[in-house]
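So you can see what is in the structure, the chains are spelled out below.
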Amino acid sequence: MSSQPVVGVVMGSDSDWPVMQAAVEVLDDFGVPCEADVISAHRMPADMIGYGQGAAGRGLKVIIAGAGGAAHLPGMLASVTTLPVIGVPVPLAHLDGLDSLLSIVQMPAGIPVATVAVGGARNAGLLAVRILAVADPGLARRMADFQAELRQAAQAKGEALRARVRVYRAGHEPSPPSGSGTEL
Ligand code: RP5
């Protein structure tokens, strides 16, 4: 894969970066070239429209857009591009991100935004990888390997939990029922 970005990771403010960083990290892990930038729907609307309109022409294939509060960036980008847009609700100090989630997920019919969980930037990156993997067998194999690792990690957790339960039960042997011993 060339280093030409194929995923655009954009956010309403640099204050979103601590959340959005996880998307860039997982894209880097999979070797998917991406760009990251601040594009604010409310503070720089003309730039935001320009970014969305030019995204496909610049070679981007997926846009990941994160925003908090009145989070209109993902939906507005989706309205001016044919690319798939993944929205990341960024939690702010108030309302725990529910405001961001509802702003992003409640799109009108015809303009979809694939919305991940509040703060779910890593899943947004993984979803972008899956979208690209449809036309990239090498990337699909890496995703399959990643999922196999998840399964192994979950199995190891189960094994560790079963061992803990055995230890717990060994320390809580039930008392013998009354009347079962020798009584005077
Ligand atoms: C939103 O306003 C941004 O996406 C960010 O989550 C929030 C706060 O932005 P700053 O005031 O920190 O720049 O548009």
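Everything in this summary refers to the structure shown in the same document. (Residues numbered from 1 in each chain as written. Predicted model: local features only at pLDDT ≥ 70, side-chain atom pairs only at ≥ 80, totals over all residues. Heavy atoms only, no water.)

As for the side chain of S13
When you line up the elements, S13 lands in the loop between β1 (7–11) and α1 (17–29). Judged by relative accessible area, which is 14%, S13 ranks as buried. Side chain to side chain, S13 and D14 meet in a polar contact 3.3 Å long. (Helix = DSSP H or I, 4+ residues; strand = E, 2+ residues; numbered from the N terminus. Buried < 20%, exposed > 50% of the residue type's maximum accessible area, 1.4 Å probe, protein only. Polar contact = N/O pair within 3.5 Å; in protein donor to acceptor, adjacent residues only side chain to side chain.)

Some points on the nonpolar core
Membership of the largest hydrophobic core comes to 27 residues, with the highest contact counts inside it found for V7, V9, M20, L27, F30, V32 and I64. Those elements giving two or more residues to this core turn out to be β1, α1, β3 (62–68), β4 (85–90), α5 (121–133) and α6 (137–170). Considering each element in turn, this core owes the most residues, seven residues, to α5. Within the second largest apolar cluster, 18 residues are counted, among which are I39, A41, L60 and V113. (Core = buried A, V, L, I, M, F, W, Y, C linked by side-chain atoms within 4.5 Å.)

Let's talk about the packing of α5 against α6
Between α5 and α6, the least distance of the axes is 8 Å, while the angle of their chain directions is 135 degrees. Between α5 and α6, the angle is such that the two are oblique. Here the hand of the crossing between α5 and α6 comes out left-handed. Between α5, through R122, L126, V129, R130, L132 and A133, and α6, the contact on the second element is made entirely by P137, L139, A140, M143, F146 and Q147. Residue composition of the contact of α5 with α6, grouped by class: nine nonpolar, one polar and two charged. (Axes fitted to C-alpha atoms, helices over the stretch in contact; angles between N-to-C directions. Parallel < 35°, antiparallel > 145°, perpendicular 65-115°, else oblique. Left-handed = near helix turned anticlockwise from the far one by under 90°. Contact = heavy atoms within 4.5 Å. Nonpolar A, V, L, I, M, F, W, Y, C, P; charged D, E, K, R; others polar.)

Quick notes on the pattern of salt bridges
Inspection of the entire model under this criterion finds one salt bridge. E35 is paired through a salt bridge with R58; the nearest N and O atoms lie 2.8 Å apart. Taken as a pair, E35 in strand β2 (residues 34–38) and R58 in the loop between α2 (45–55) and β3 lie far apart in primary sequence, 23 residues in all. The exposure class of R58 is partly exposed, given its relative accessible area of 36%. (Salt bridge = Lys/Arg side-chain N within 4 Å of Asp/Glu carboxyl O.)

Some thoughts on α6
In this model α6 runs 50 Å from its N-terminal to its C-terminal C-alpha over 34 residues, within 8% of the 50 Å that 1.5 Å per residue would give. Burial in α6 covers these residues: G138, L139, M143 and F146. If you follow the buried residues of α6, they end up packed against α5. The N-terminus of α6 is capped by D136, whose side-chain oxygen sits 3.2 Å from the backbone nitrogen of G138. (Expected span 1.5 Å × (residues − 1).)

Re the site of the ligand
Taken together, G12, S13, S15, D16, R43, A67, G68 and L92 make up all the residues around the ligand. Within the contact set of the ligand, an oxygen atom lies 2.6 Å away from a side-chain nitrogen or oxygen of S13. Contact between the ligand and R43: an oxygen atom at 2.7 Å from a side-chain N or O atom of the residue. In the complex, 71% of the free accessible area of the ligand, which totals 360 Å², lies under the protein chains. When grouped by side-chain class, the residues that make up the shell around the ligand number two nonpolar, four polar and two charged. (Near = heavy atom within 4 Å. Areas by Shrake-Rupley, 256 points an atom, 1.4 Å probe, with all protein chains shown as cover.)

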